[in-house]
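Working through the structure, step by step
The lines below spell out each chain.
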Amino acid sequence: MPLILIAEDEPAIADTVLYALRSEGMDAEHCQLAREVVPRVRAGGVDVVVLDVGLPDASGFDVCRELRGFSDVPVIFLTARNDEIDRVLGLELGADDYVAKPFSPRELVARVRARLRRAHAAAPEAGWIRQGDFAIDRDGHRVHYRDRPLDLTRYEYVLLAALLQRPGAILSRTQLMDRGWDSDAESMDRTVDTHVKTLRGKLRAAGADPDPIRTHRGLGYAIEI
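Note that the coordinates shown come from a computational prediction; the quantities given were computed from them, not determined experimentally.

Two side chains of opposite charge can pair, provided their charged atoms sit close to one another. Inspection of the entire model under this criterion finds 15 salt bridges. Where arginine 65 meets aspartate 62, a salt bridge forms, and the shortest distance between an N and an O atom there is 2.9 Å. Of the two residues, arginine 65 and aspartate 62 both sit in helix H3 (residues 60-67), three residues apart, roughly one turn of that helix. A relative accessible area of 45% places arginine 65 in the partly exposed class. Aspartate 62 gets classed as partly exposed once you look at its relative accessible area, which sits at 42%. In this structure, arginine 200 engages aspartate 211 in a salt bridge whose closest nitrogen and oxygen atoms are separated by 2.6 Å. Of this pair, arginine 200 sits in helix H9 (residues 192-205) while aspartate 211 sits in the loop between H9 and strand E10 (213-216); the two residues are 11 residues apart in sequence, bridging distant segments of the chain. Judged by its relative accessible area of 24%, aspartate 211 falls in the partly exposed class.

Spelled out as structure tokens, the structure:
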């Protein structure tokens, strides 16, 4: 079930949109402040953001700019502004659509569905498994992070695949080496810690902030998705 995040400070409008989306078989969450949007999207699982430009604590334009720094989640602006310059600015910042108030809830739902269809068309092909911001193709030994392919070495892939198999679980270095290291001699030359460091660098380059891989001193590593 797709999850739509509504950022709107007017309760009557928010309630109408939430009802319309849920009536069409979608899940929907609501936040009233701009500062709530980015952390919620970073937490994962949001498929579309419906974003009011005139939020009380910050402009929706600023929120969209920050979102585009790390996420390709579709953004639909919902606003009382209908000036062409505002529409152009919103689209130039990376928004996918623009709906002016007053609006028809059915029209908004149709626009959300259109964004979901386009996002689905661009998603990895069958055989991929989505886990939070990750998509993994275990047969092809490939991983995407926030729809960006990660250029991983064999051992980086082995580590990441093992961690993604049990999200949140702490895996010791021995358990991780057992998943794919050829020999103890090789593991001494190319330690788990070294590969975790290079893997973290590649995730950072793909926009991972904060680092999803957690170090548990004396125990091992876990991944949060």
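Anyway, onward from the coordinates.
So, about the sheet that holds strand E8 (residues 142-145). By definition, the strands of a sheet pair up through backbone hydrogen bonds, in either a parallel or an antiparallel sense. Taken together, the four strands give an open sheet; going across it, the order is E6-E7-E8-E9, and neighbouring strands pair in antiparallel fashion. Pairing within the sheet leaves two strands with one partner each, and these edge strands are strand E6 (129-131) and strand E9 (148-149). Where E8 and E9 come together, two bridges link them in antiparallel fashion. The residue of E9 that forms the bridge with histidine 144 is proline 149.

Any two aromatic rings considered together are summarised by their centre-to-centre distance and by the angle between their planes. All chains considered together, the criterion is met by three aromatic pairs. Their ring planes at 65° and their centres at 5.9 Å tell us that phenylalanine 77 and tyrosine 98 sit as a pair that is edge-to-face. Here phenylalanine 77, found in strand E4 (residues 75-79), pairs with tyrosine 98, found in strand E5 (residues 97-100); they are 21 residues apart in sequence, far enough to count as distant. Classification of phenylalanine 77 as buried rests on a relative accessible area of 0%. Chaining the aromatic ring pairs together yields one cluster made of Phe61, Phe77 and Tyr98.

This part takes up the pairing of strand E11 (residues 220-223). With four bridges joining them, E10 and E11 adopt antiparallel strand pairing. Each residue of the ladder has a partner; that of arginine 214, found in E11, is alanine 222. The loop that links E10 with its antiparallel partner E11 comprises three residues; one of these, glycine 218, has a positive phi angle of about 80°.

Remark: helix H6 (residues 154-165) packs on H9, axes separated minimally by 9 Å, with the N-to-C direction vectors making an angle of 85°. By the angle between their axes, H6 is roughly perpendicular relative to H9. On the side of H6, the interface is formed by Tyr155, Glu156, Leu159 and Leu160, while H9 contributes Val192, His195, Val196, Thr198, Leu199 and Lys202. Each residue belonging to the contact of H6 with H9 can be placed in one class, and the counts come to six nonpolar, two polar and two charged.

Basis of the calculations
- Residues numbered from 1 in each chain as written.
- Predicted model: local features only at pLDDT ≥ 70, side-chain atom pairs only at ≥ 80, totals over all residues.
- Heavy atoms only, no water.
- Salt bridge = Lys/Arg side-chain N within 4 Å of Asp/Glu carboxyl O.
- Helix = DSSP H or I, 4+ residues; strand = E, 2+ residues; numbered from the N terminus.
- Buried < 20%, exposed > 50% of the residue type's maximum accessible area, 1.4 Å probe, protein only.
- Pairing = 2+ DSSP bridges.
- Phe/Tyr/Trp six-rings, centres within 6.5 Å; stacked < 30°, edge-to-face > 60°.
- Axes fitted to C-alpha atoms, helices over the stretch in contact; angles between N-to-C directions.
- Parallel < 35°, antiparallel > 145°, perpendicular 65-115°, else oblique.
- Contact = heavy atoms within 4.5 Å.
- Nonpolar A, V, L, I, M, F, W, Y, C, P; charged D, E, K, R; others polar.

Remember that the coordinates give geometry; whether it matters functionally is a separate question.
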